[in-house]
Amino acid sequence: MTRKSKGDVGNRSTIRDVAARAGVSASTVSRVLAGDYPVSTATRTRVMRAVRELDYVADARAKAIAGVGTPTLAFVLDDITGPSFAHMAHGVEREATRLGHLCLVCSTDGDTEHELEFIETMRAQRAAAVILVGGTADTAEYRARMSRIADSLASAGSRLVLCGRPPLDPGTPVTVIEYDNESGAYALCAHLLAQGHRRILFLGGKPANTTAQGRERGYLAAHRARGEEPDPQLRLAGDFTRDSGHRRIRQALSQGLEFTAVMAATDMVAAGALTALHEAGLAVPDDVSLVGYDDIPFARDLHPPLTTVHVPYEELGRLAVRTALGRTPDAPNEHLLLGTHVVVRDSVAAVPGQLVPDASARVSSQAPAGGLT
């Protein structure tokens, strides 16, 4: 018999070809490949030799339907390029591998339909769990959609895990793992207030995003705990990117806003803010203090190293896997909350004797054509 070429897709070997080459039945080949039934060493050797010679690849979909093969976990996120999500994905992948599972990653770019299609594919292939990551808009529509997904996955023997997303109604077969966004932001803002800062510019995220809302609540609560109300003009919405931080600082300076410190909703936002401050001729922390949130690795390599809130993203991913695999699919709602803490570095100093309004003139002359956004 002539060996089939690896590139010959049209003549791809079947399990019957392997059985004929090894001189056994197709069911014996299935047992050898699944590893769930005892066969003799000689038979196993013949089957595996035939598999190699014919370059046989089992149909993953067929194996999933049969309930055999390497069990899988699905990790679904909006943006795979985000450093914090990348660290969470690393934790999911490492724990899945340790427990003998294959991890599949899907980046949706915020497309709900894409998310639903991927989840349905994972349900059809009997993935052990589907892990959804990142803040979202906590609406009645969201809760209804997630509840349907949780029920659908549970009926197929799978488990829905929400990481950093709002919990669902009691009784829903879902695992929710969050970190304490609000308390981390509270502690961070309290650190700035303790250094004498009263004009703290907050660079937030999208107003409907639950992660952004939690961090803004912490900012507000820290002020109110001191009997103060921050100036509403110092709260600027954007998104969680470096470019957003850069734009919002330029906007604040061009408008002549007075501030002695900047509290960025993420380290990426803080990185953009740092660049914009440097471009305006302002030194951190001598002129303006700056803090971030997430404690992604490059935060310590900025100049100066960034004071921020540490979020245990990798452990969050590991815990999501361990918890999902340790629960029956139809177990009721489970809600776990991880703590955060402030990491103090060199980007904060005691309040300077002078505020920042004059910096607007230095930035306006550098504005690109079309003005500031």
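Please read all numbers here as calculations on a predicted model, not as lab measurements.

Draft legend 1. Structural view of the packing of helix H6 (residues 112-124) against helix H7 (residues 140-155). Contact geometry of H6 with H7 gives a least axis separation of 10 Å together with a crossing angle of 15°. Considering their axes alone, H6 and H7 lie roughly parallel with respect to each other. Crossing hand, H6 versus H7: right-handed. Facing H6, whose interface residues are Thr112, Glu115, Leu116, Ile119 and Arg123, H7 presents Arg145, Met146, Ile149, Ser152 and Leu153. Among the residues forming the contact of H6 with H7, the class breakdown is five nonpolar, two polar and three charged.

Draft legend 2. Local environment of the environment of Asp78. Residue position: Asp78 is located in the loop between strand S1 (72-77) and helix H5 (83-98). Each C-alpha atom, one on Asp78 and one on Thr108, is 4.8 Å from the other, the two residues being 30 residues apart in sequence. Ignoring any residue separated from it by four or fewer positions in sequence, one finds Asp78 in contact with Ser107, Thr108, Asp109 and Gly110. Side chain to side chain, Asp78 and Thr108 meet in a polar contact 3.2 Å long.

Draft legend 3. A look at the side chain of His101. Looking at the secondary structure, you find His101 in the loop between H5 and strand S2 (102-107). In terms of polar contacts, His101 uses its side chain to reach the backbone carbonyl oxygen of Leu99, at 3.1 Å.

Draft legend 4. Spatial organisation of the sheet that holds strand S9 (residues 289-291). Reading across from one edge, S7-S6-S8-S9 is the order of the four strands in this open sheet, with parallel pairing throughout. Whereas interior strands pair on both sides, the edge strands pair on one side only; in this sheet they are strand S7 (235-236) and S9. Inspection of the sheet shows strand S6 (residues 200-203) paired to S7 by two bridges, in the parallel sense. Note that in S7 the partner of Leu203 across the bridge is Leu236.

Draft legend 5. Geometry of the packing of aromatic side chains. Tallied over the entire structure, the rule returns two aromatic pairs. For the pair Tyr179 and Tyr313, a centre-to-centre distance of 5.6 Å together with 75° between the ring planes defines the contact as edge-to-face. In this pair, Tyr179 sits in strand S5 (residues 174-179) while Tyr313 sits in helix H12 (residues 313-325), placing the two residues 134 residues apart along the sequence. The class of Tyr179 is buried, set by a relative accessible area of 10%.

Draft legend 6. Here's a closer look at the pairing of S2. Two strands pair when backbone bridges link them, and S1 and S2 are joined in this way by six bridges, in the parallel orientation. Looking at S2, one finds that Val76 is bridged to Cys106. A crossover links S1 with its parallel partner S2, the connecting element being H5, and its sense is right-handed.

Draft legend 7. Layout of the confidence of the model for the chain. In the predicted model, the chain carries a mean pLDDT of 84, and 86% of its residues have values of at least 70. For residues 1-10, every residue scores under 50 in pLDDT, and the model assigns this stretch nine contacts once sequence neighbours within four places are set aside.

Thresholds, definitions, all that
- Residues numbered from 1 in each chain as written.
- Predicted model: local features only at pLDDT ≥ 70, side-chain atom pairs only at ≥ 80, totals over all residues.
- Heavy atoms only, no water.
- Axes fitted to C-alpha atoms, helices over the stretch in contact; angles between N-to-C directions.
- Helix = DSSP H or I, 4+ residues; strand = E, 2+ residues; numbered from the N terminus.
- Parallel < 35°, antiparallel > 145°, perpendicular 65-115°, else oblique.
- Left-handed = near helix turned anticlockwise from the far one by under 90°.
- Contact = heavy atoms within 4.5 Å.
- Nonpolar A, V, L, I, M, F, W, Y, C, P; charged D, E, K, R; others polar.
- Polar contact = N/O pair within 3.5 Å; in protein donor to acceptor, adjacent residues only side chain to side chain.
- Pairing = 2+ DSSP bridges.
- Phe/Tyr/Trp six-rings, centres within 6.5 Å; stacked < 30°, edge-to-face > 60°.
- Buried < 20%, exposed > 50% of the residue type's maximum accessible area, 1.4 Å probe, protein only.
- Right-handed = clockwise from strand over helix to strand, strands pointing away.
- pLDDT = per-residue confidence, 0-100.

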